Amino acid sequence: MTWVDWCRRQGFDAALGEEAEAALRATEPIRAGYRERGHAGALRVLDAMRRQALSEADLAPSHGYGYHDAGRAKLEAIYAEVMGVEAAIVRPQIVSGTHALAIALRAAARPGGEILLATGEPYDTLHPLLGLTPDAPGSLAEIGVRVRRPEGDGADPRAVADAVGPRTCAVFIQRSRGYSGRASTPVAAIERLIAAVRGRRPEVACVVDNCYGEFVEPLEPGAVGADLVAGSLIKNPGGGLASTGGYVAGRGEWVERAAAFLTAPGLGTDVGPLTGGFKRECLQGLLLAPGIVGQALEGAVFAAEFFRRFGLRTDPEPAARRTDLIQVVECGSRDALVRFCQGVQAAAPVDAHVRPEPWAMPGYDHEVIMAAGTFVQGASIELSADGPLRPPYRAYLQGGLALPLVIAACVSAVAALRRDGLI
Ligand SMILES: *Cc1c(COP(=O)(O)O)cnc(C)c1O
C-alpha cells in the first residue's frame, strides 16, 4: 500500500499522499541513523537484563508492604545500569514525571537554600513546587528555598558556575525543551554544566529532568555525572507498555535520600509493592523503549519535512541533531492550532471519533489543547500533539509507537487545515 492509496481511502487529496512519500524518501538517510541508535539502545537494555539474570519468577507481583521483593530489586538494578548510575527507584507509586521530579528536588533541597535553574524556565507543572506559583501549598518556598536563574540565556557553564554561591544546594537542568521556544539540552552540554558546578562546589546536587530525553542519545545524564535524574514511565522509558509510574536514578546516597521522600524516612526503598502486571510491562517496555524512541524520532523527522512542504515552520529542522522527542510545528493562529490537533486525533487508534477542545488543564497557566488517542491515558510516548493557546500557537508533536501512525496523523492534520482553508 502506498500513502496515495491511503489518502484516497480517507477521501483526502491524493497529492497529500504523494508529498508524504516524497518526505519519506527525502528523510531516509536521517531516519536510518535513529533506527540504528534504537538498535544499539535495545542491546544495552538486553545486556543489563542478562547481567542481572532476570528470570520469569522475577515478574511475579508483590503485595502489602512489598518487603523482600527480589524482582523489584532486579528491575531497579537494570534501570540503574541502563541509566549509567549506581541506583534507581522505579515505582508505580510515582504517579508522573512531575512527581518523580518533586521527589528528586525535595531530596536535593535544603531549608533556606537556593536552587539554580541552569536551563531557564522549568516545565510548567514544576512551578508550584519551585515557588514560582504564589502560595502553592507544599512548595519548597515554604521551607525557605529560593530559585534563581543565572545570567544569560541558559545552559551556559560559566554563568552557572558564577551563580553558585554558599546557599546553593542544587542545580536544576532540563533536558527537553518542554513548552518553550528554546532548543533541547544535549547530554554533552549537561556534562559541561555539571563539570562547571563541580569545579565550584562539588557537594551541590545536579538534578536532571530527563523527560522525553531517554534513549534519544547514546549516553544518559547519569553517565556524565548527574546526581539525580528523574522521568516518567508513560514517556520514553516505558516503551508504550508501562501503564503508570516514574523513576528516580542517580548516585547511591542521593537516591537513598530521594526514597525517604517517596515513602518515609526510615522506610526508603525497602517498601513499595509492585502489584499486578507492573514488573512485566515495565521491563518489557524498557526493552522495547529504545526502538520505539527511534521510531518516534523517525516520525519527528518526517513531520519536520512534511509540514514544511505545506509552508508551516518546523523546529527542529529535519536534519537537525535531536536530543529529545519534541517536534514543533508553528500553526500561527488559535484556529489552526486547534484544527491541527483535531486532525491528529482523527487519525489515532483510540478515540479517533473524538474532537479535542482547549481546556484549563491543572498545572498549566494557559488553556491547552491536547490530541491523545492513546491506549494509556496521557501517554506521550504514544503519539500526542498539544500546545498552549498562546502566540505563536506552536503545536508540540511527540511520540509514536510506530512510524505509520505518525505519518497518518501528519497527513490527517494537513487535510484538516486545508479543509478549513487554514493553509
Ligand atoms: C512531561 C514533562 C514533565 C512532567 O511530566 P508529567 O508526567 O507530565 O508530570 C516535566 N518535564 C518535562 C520536560 C516534560 O516533558
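None of these values were measured; they are calculated from a predicted model.

S.K.: Could you clarify how one ought to interpret the nonpolar core in this entry?
M.R.: A general tendency of soluble globular proteins is for nonpolar side chains to be buried together. In this structure, Tyr79, Ile115 and Val248 are the most contacted members of the largest nonpolar core, which totals 91 residues. Ranked by residue count, the leading element in this core is helix H8 (residues 278–308), at ten residues. Setting aside residues up to four positions removed in sequence, tyrosine 79 forms contacts with Ala88, Val90, Leu233, Pro237, Tyr247, Cys282 and Leu286. Within the second largest apolar cluster, 41 residues are counted, among which are Cys7, Val329, Ala336 and Leu383.

S.K.: Please clarify how the site of the ligand should be interpreted in this entry.
M.R.: Around the ligand, a shell composed of 13 residues is seen, among which Gly97, Thr98, Asp209, Tyr212 and Lys235 lie nearest. At 2.5 Å, a side-chain N or O of threonine 98 approaches an oxygen atom of the ligand. The contact in question runs from a nitrogen atom of the ligand to an N or O atom on the side chain of aspartate 209, over 2.5 Å. For the shell around the ligand, the leading source of residues is helix H4 (residues 97–108), giving three residues. Residues of the shell around the ligand, tallied by class, amount to four nonpolar, seven polar and two charged.

S.K.: Is there a simple way to explain the packing of aromatic side chains in this structure?
M.R.: The description of two aromatic rings rests on the distance between their centres and on the angle between their planes. Counted by the stated rule, this structure contains eight aromatic pairs. Geometrically, the ring pair formed by phenylalanine 302 and phenylalanine 306 is stacked, given 5.2 Å between the ring centres and 15 degrees between the ring planes. Placement of both phenylalanine 302 and phenylalanine 306 in helix H8 is noted, with a separation of four residues, approximately one turn of the helix. Summarising the aromatic geometry, the rings of phenylalanine 306 and phenylalanine 307 are spaced 5.7 Å apart at their centres and angled 70 degrees between planes, so their arrangement reads as edge-to-face. Take phenylalanine 307: its relative accessible area is 0%, and that puts it in the buried class. By way of ring pairs, the aromatic residues Phe302, Phe306, Phe307, Phe310 and Phe340 are connected into one cluster. Just above the ring of tyrosine 212 sits the side chain of lysine 235; from NZ or CZ to the centre is 4.3 Å.

S.K.: I'm lost on the sheet that holds strand S9 (residues 327–330) in this one. Help?
M.R.: In sheet architecture, strand pairing relies on hydrogen bonds along the backbone and comes in two forms, parallel and antiparallel. Judged by pairing direction, the sheet is antiparallel, and its five strands sit side by side in the order S8-S9-S12-S11-S10 without closing on themselves. Two strands bound the open sheet, and with one partner strand each, they are strand S8 (313–315) and strand S10 (368–371). The sheet shows a mean angle of 20 degrees between the axes of neighbouring strands, taken without regard to direction. Pairing geometry for S9 and strand S12 (residues 394–398), over four bridges, is antiparallel. Opposite glutamine 327, over in S12, you have leucine 397 as the bridge partner.

S.K.: How should I be thinking about the sheet that holds strand S7 (residues 246–250) in this particular structure?
M.R.: Here seven strands make up an open sheet; going across it, the order is S1-S7-S6-S5-S4-S2-S3 and the pairing mixed. With partners counted over all chains shown, the strands left at the sheet margins are strand S1 (87–91) and strand S3 (146–148), one partner each. Here the strands of the sheet are splayed against their neighbours by 20 degrees on average, with no regard to which way each runs. Where S1 lies against S7, five bridges are found, and the strand directions are antiparallel. Counterpart to alanine 88 in the pairing with S7 is alanine 249. Helix-sheet contacts for helix H3 (residues 70–83) involve S1 and S7, and the interaxial angle to S1 is about 125 degrees.

S.K.: Where do I start with the packing of helix H1 (residues 3–10) against helix H10 (residues 403–419) in this structure?
M.R.: Helix packing geometry: the angle between the two helix axes and the distance between the axes. Relative orientation of the contacting elements H1 and H10 amounts to 50 degrees, with a least axis distance of 12 Å. Considered as vectors, H1 and H10 are oriented oblique to each other. In the crossing of H1 with H10, the sense of the turn from one axis to the other is right-handed. Taken together, the residues of H10 that come into contact with H1 (itself represented by Trp3, Trp6 and Cys7) are Pro404, Ile407, Ala408 and Val411. When its residues are assigned to classes, the contact of H1 with H10 shows seven nonpolar, no polar and no charged.

Rules used throughout
Residues numbered from 1 in each chain as written. Predicted model: local features only at pLDDT ≥ 70, side-chain atom pairs only at ≥ 80, totals over all residues. Heavy atoms only, no water. Core = buried A, V, L, I, M, F, W, Y, C linked by side-chain atoms within 4.5 Å. Buried < 20%, exposed > 50% of the residue type's maximum accessible area, 1.4 Å probe, protein only. Helix = DSSP H or I, 4+ residues; strand = E, 2+ residues; numbered from the N terminus. Contact = heavy atoms within 4.5 Å. Near = heavy atom within 4 Å. Polar contact = N/O pair within 3.5 Å; in protein donor to acceptor, adjacent residues only side chain to side chain. Nonpolar A, V, L, I, M, F, W, Y, C, P; charged D, E, K, R; others polar. Phe/Tyr/Trp six-rings, centres within 6.5 Å; stacked < 30°, edge-to-face > 60°. Lys NZ or Arg CZ within 6 Å of the ring centre and 35° of its normal. Pairing = 2+ DSSP bridges. Axes fitted to C-alpha atoms, helices over the stretch in contact; angles between N-to-C directions. Parallel < 35°, antiparallel > 145°, perpendicular 65-115°, else oblique. Left-handed = near helix turned anticlockwise from the far one by under 90°.

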